Amino acid sequence: MDDRMQIMIVDDEMIIRESFQHWFEKGGHMVDTAASGFEALEKLEKYPFDLLFVDIKMPGMDGIELLEKVKTEYPDTIVIIITAYGSIESAVKAMKLGAMDYLMKPFKPDQLNLTMEKIIQQKKLVSEFSYLKGRLEKITRFDNIIGQSPEMEAIFTLIPQVADSESSILLIGETGTGKELIAKAIHAKSKRVHFPFIPINCGALPDSLLESELFGHRKGAFTGATQARKGFLEVVGGGTLFLDEIGEISRKMQVDLLRVLEEKKITRIGDSLPMDVDFRLISATSKNLEEQIDAGTFREDFYYRINVIKIHIPPLRQRKNDIPLLVEHFLEKYSHETTKHVDHVTRDAMNILESYEWPGNVRELGNAIERAVVLSESRTLGVKDFTFLGVTPAPTTGVRSLREMEKVHIRIMLEECGWNVTKAAKVLGINRVTLHKKINRFQLKRKP
Amino acid sequence: MKRLSGPIGVAPVGEVPETPLKVIAAHISGYLNLNAEVIAPIETPSHAFDKNRFQYDAGKILSHFESMRFPEFEKIVAVFSDDLFIPIFSHVFGEARLGGRYALVSLFRLNKQPDGSVSPQAMIYERAAKVALHEIGHLFRLAHCDDNHCLMHFTGGLQSLDEISLYFCRYCSTYFQDALPLA
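Chemist: Please clarify how the overall build of chain A should be interpreted in this entry.
Modeler: When you go through chain A residue by residue, the secondary structure sums to 18 helices and 16 strands. Taken across its 448 residues, chain A has 45% of its residues classed as buried. The contacts in chain A between residues at least 6 apart in sequence include a share of 68% that link residues at least 24 apart. Entry remark: accessible area of chain A is about 23,400 Å², with carbon and sulfur atoms responsible for 52%.

Chemist: Whenever I open this one, the overall build of chain B confuses me. Can you help?
Modeler: Helix and strand counts for chain B stand at five helices and eight strands. Going from the N terminus to the C terminus, chain B shows its helices and strands as β-α-β-β-β-α-β-β-β-β-α-α-α. A total of 183 residues make up chain B; the buried ones form 54% of that total. For chain B, long-range pairs separated by at least 24 residues make up 66% of all intrachain contacts whose partners lie at least 6 apart in sequence.

Chemist: Before we go on, may I ask you to explain the packing of aromatic side chains in this structure?
Modeler: All names here are of chain A. The tally for this structure, following the rule as stated, stands at 21 aromatic pairs over all chains. Arranged with centres 5.7 Å apart and planes meeting at 40°, the rings of Phe298 and Phe302 form a pair that is tilted. Across this residue pair, the class does not change: Phe298 and Phe302 are buried. Summarising the aromatic geometry, the rings of Tyr356 and Trp358 are spaced 4.5 Å apart at their centres and angled 85° between planes, so their arrangement reads as edge-to-face. For Trp358, a relative accessible area of 0% corresponds to the buried category.

Chemist: What am I meant to see in the sheet that holds strand 2 (residues 36–38) of chain B here?
Modeler: All names here are of chain B. Spatially, 2-1-5-8-7 is the arrangement adopted by the five strands of the open sheet, whose pairing is mixed. Each edge of the open sheet carries a strand with a single partner, namely strand 2 and strand 7 (94–96). For this sheet, the mean angle separating the axes of adjacent strands, direction not counted, is 20°. The sheet contact formed by strand 5 (residues 75–80) and strand 8 (residues 102–106) spans five bridges and is parallel. Among the inter-strand pairings, Ile76 is bridged to a residue of strand 8, identified as Tyr102. Contacting strand 1 (8–13), strand 2 and strand 5, helix 1 (residues 18–32) runs over the sheet at an angle of about 160° to strand 1. Across the sheet, helix 3 (residues 121–139) lies against strand 1, strand 5, strand 7 and strand 8, angled at about 160° from strand 8, the strand it touches most.

Chemist: What should I look at first to understand helix 1 of chain B in this one?
Modeler: Residue and element names in this part refer to chain B. Here helix 1 spans 21 Å end to end across 15 residues, near enough to the 21 Å set by a 1.5 Å rise per residue. Three or more residues of helix 1 are buried, namely Pro20, Leu21, Val23, Ile24, Ala25, His27, Ile28 and Leu32. Lining the buried residues of helix 1 we find strand 1, strand 2, strand 5, helix 3 and helix 5 (170–179). Once helix 1 finishes, Asn33 follows within two positions and takes phi at roughly 65°, a positive value.

Chemist: Would you mind showing me how to read helix 17 (residues 421–428) of chain A here?
Modeler: Think of an α-helix as 3.6 residues a turn; residues three or four steps apart then line up on the same face. Residues and elements named next belong to chain A. Of the residues making up helix 17, those classed as buried are Val421, Ala424 and Ala425. When helix 17 is viewed along its axis, its buried side chains cluster within an angular range of 100° and face the same direction. Of the exposed residues in helix 17, the ones pointing more than 90 degrees away from its buried face are Lys426 and Val427. Elements in contact with the buried residues of helix 17: helix 16 (402–416) and helix 18 (432–441). The residue sitting at the N-terminus of helix 17 and contributing the capping side-chain oxygen is Asn420; that oxygen lies 3.2 Å from the backbone nitrogen of Thr422. Once helix 17 ends, the next one or two residues include Gly429, with phi positive near 75°.

Chemist: Looking at this structure, I do not really get the environment of Val342 of chain A. What am I missing?
Modeler: All names here are of chain A. Along the chain, Val342 falls in the loop between helix 13 (323–338) and strand 15 (344–345). For Val342, a relative accessible area of 2% gives the class buried. Residues Val342 and Leu331, spaced 11 residues apart in sequence, show a C-alpha to C-alpha distance of 6.7 Å.

Chemist: Looking at this structure, I do not really get the nonpolar core. What am I missing?
Modeler: In summary, soluble globular proteins display a tendency toward joint burial of nonpolar side chains. Among the nonpolar cores identified, the biggest contains 43 residues, and Phe20, Phe24, Phe53 and Leu112 of chain A are the most heavily contacted of them. Aside from chain neighbours lying at most four places away, what touches Phe20 of chain A is Ile9, Phe53, Ile82, Phe107 and Leu112 of chain A together with Ile88 of chain B. The next biggest cluster of nonpolar side chains, apart from the first, holds 41 residues, and it includes Ala96, Cys150, Leu151 and Cys172 of chain B.

Chemist: Is there a simple way to explain the packing of helix 13 of chain A against helix 15 (residues 361–375) of chain A in this structure?
Modeler: A pair of packed helices is characterised by two quantities: the angle between their axes and the separation of those axes. Residue and element names in this part refer to chain A. One can describe the packing of helix 13 onto helix 15 by two numbers: an axis separation of 9 Å at closest approach and a directional angle of 45°. When the axis of helix 13 is compared with that of helix 15, the two are oblique. Between helix 13 and helix 15 the crossing geometry is right-handed. Here Leu326, Val327, Phe330, Leu331, Tyr334, Ser335 and Thr338 of helix 13 lie close against helix 15, whose contacting residues are Val362, Leu365, Gly366, Ile369, Glu370, Val373 and Val374. Tallied by class, the residues present in the contact of helix 13 with helix 15 amount to 10 nonpolar, three polar and one charged.

Chemist: Would you mind going over the pattern of salt bridges with me for this structure?
Modeler: Pairing is possible between side chains that carry opposite charge, provided their charged atoms lie close to one another. With the rule as written, the count across this model stands at 28 salt bridges over all chains. Residue Lys252 of chain A is joined to Glu211 of chain A by a salt bridge in which the shortest nitrogen-to-oxygen separation is 3.5 Å. Here Glu211 of chain A lies in helix 8 (residues 207–215) and Lys252 of chain A lies in helix 10 (residues 251–263), a separation of 41 residues in the sequence. The partly exposed category is assigned to Lys252 of chain A, whose relative accessible area is 48%. When the shortest N-O distance is used, the salt bridge between Asp83 of chain B and Arg109 of chain B registers 2.7 Å. One end of the pair, Asp83 of chain B, is in the loop between strand 5 and strand 6 (84–85); the other, Arg109 of chain B, is in the loop between strand 8 and helix 3, and 26 residues separate them in sequence. For Asp83 of chain B, a relative accessible area of 6% gives the class buried. For Arg109 of chain B, a relative accessible area of 28% puts it in the partly exposed group. Among the ionic contacts, a cluster of salt bridges with common partners joins Asp11, Glu13, Asp55 and Lys105 of chain A.

Analysis parameters
- Residues numbered from 1 in each chain as written.
- Chains lettered and ligands numbered in written order.
- Predicted model: local features only at pLDDT ≥ 70, side-chain atom pairs only at ≥ 80, totals over all residues.
- Heavy atoms only, no water.
- Helix = DSSP H or I, 4+ residues; strand = E, 2+ residues; numbered from the N terminus.
- Buried < 20%, exposed > 50% of the residue type's maximum accessible area, 1.4 Å probe, protein only.
- Contact = heavy atoms within 4.5 Å.
- Areas by Shrake-Rupley, 256 points an atom, 1.4 Å probe, with all protein chains shown as cover.
- Phe/Tyr/Trp six-rings, centres within 6.5 Å; stacked < 30°, edge-to-face > 60°.
- Pairing = 2+ DSSP bridges.
- Axes fitted to C-alpha atoms, helices over the stretch in contact; angles between N-to-C directions.
- Expected span 1.5 Å × (residues − 1).
- Arc of directions from axis to C-beta.
- Polar contact = N/O pair within 3.5 Å; in protein donor to acceptor, adjacent residues only side chain to side chain.
- Core = buried A, V, L, I, M, F, W, Y, C linked by side-chain atoms within 4.5 Å.
- Parallel < 35°, antiparallel > 145°, perpendicular 65-115°, else oblique.
- Left-handed = near helix turned anticlockwise from the far one by under 90°.
- Nonpolar A, V, L, I, M, F, W, Y, C, P; charged D, E, K, R; others polar.
- Salt bridge = Lys/Arg side-chain N within 4 Å of Asp/Glu carboxyl O.

In structure tokens form, the structure reads like this:
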């Protein structure tokens, strides 16, 4: 592990900042300085820092206040408090608030060196811990299924309950809602976990190919069958078969699968001897199968066979309170994958994400965050990083007066109408003259 | 062998015995393979004296020296008998800026043993030479090294100073050779 760190010195005395800076630069660290707590917070918003040295006594925002804010907003950032002789009480308070250590000025060179060694050791432990935690989570949790909404909580409760049964499960949800992840979670919690989990997208395969993929064939069964091949129903042996987009399969295939489900036997194409198979079926669809039954494209008997347990996965627009949690998850994931340290989203940007309808659901949200992280030049994603979604930022509520809200709303409408006052007045439901008066009163001007 | 445009000057600041100056110059020649010579004393910058701490501010001295001209020398090692400090530290044995022209060495704290007794002269000279060579490393942009025995390993106390060697580790040695300008 590289021991070089991104360090910020926060002290109102220039001489102390310079002293630290020169010393740490000689250690090969990247050093930045801030003359006040406010400046430090501004820099933290833009760039990631591993370590902050904070003077306890500073005008404006003191070291304790800064420490509290840092520990709330950036809990991974290590803070060392610098105190003068006689402010031990504050130092103790700082330690209680999460500072890792304190140094009393002037300190012996060895003391700082010892503190740095301690920090490097701590960093190594934290990074090892988060690596192992990640590994463990991958093994034990419902892999990547994020949600705290009542709808998702209900699904999380259901997964272990249905996992051990042998009944067929039908997952219903729009594209991108995470149907395959839930199927994997069910498999992972079931006694079949040590056998294969085989996902097949029925919509992606033509009927003849799907038949060969599922049932396998003997050598010479059809043109091109130069080798005997095991089908997935055979390969899955003891595991879970996940058939996505089940609504796409033909009626003939429905009959064939229905027979397999009832008899637990398959016959390879071109073969005459049936063989026993053992698997658990989880199907998924984004279509309304009942409508397909009415239209005669889906067999009712097959529907009831695959639909012993039905799990409905709500679209993201119906569980918008999960968005911040998902955003946090994707930020962590893509910051790690792209090695860019982007870990914050402004309130306005979050408003945009929460007001967007997400037709592509969680998958689309993940892609949007990945794109924003890749293109971002700051550690905080803002409104401009999500302009590609085409959502007008809603004015933040709770922080502005009614007058300010009115001003913001009028400006948004004017911009949407290309500053055509007559059109904007019509949208706003007010008289054109009144709108002109408001534009003058609020001193609204068209951006060049 | 690379050669600098001028030798390294070893200058006493205030009253400094001659022997440690000669020892430092000899170590620069012997261990770094660079020409070094003892030069005329430099006047102690009195404004750098801190009356509260009874020490000289190394930062202020370096800033003062940067305004002085020694065109015939590539770098200057200024040796003090007085105690030096930088604002965050109680004291420093030496000080230099990365890529700077001046290195400071203080002999003030080099004569003690961990038990409080006086160190033998040979040991004091070796410590002074280590501090000087370490600071010269910084003048050629070498950062502190993780190798406990490397000359560029940070040493804040006499015990750790005695533990490092007079040589760079192989990485620092390569960096040092790369940093030397061609004459």
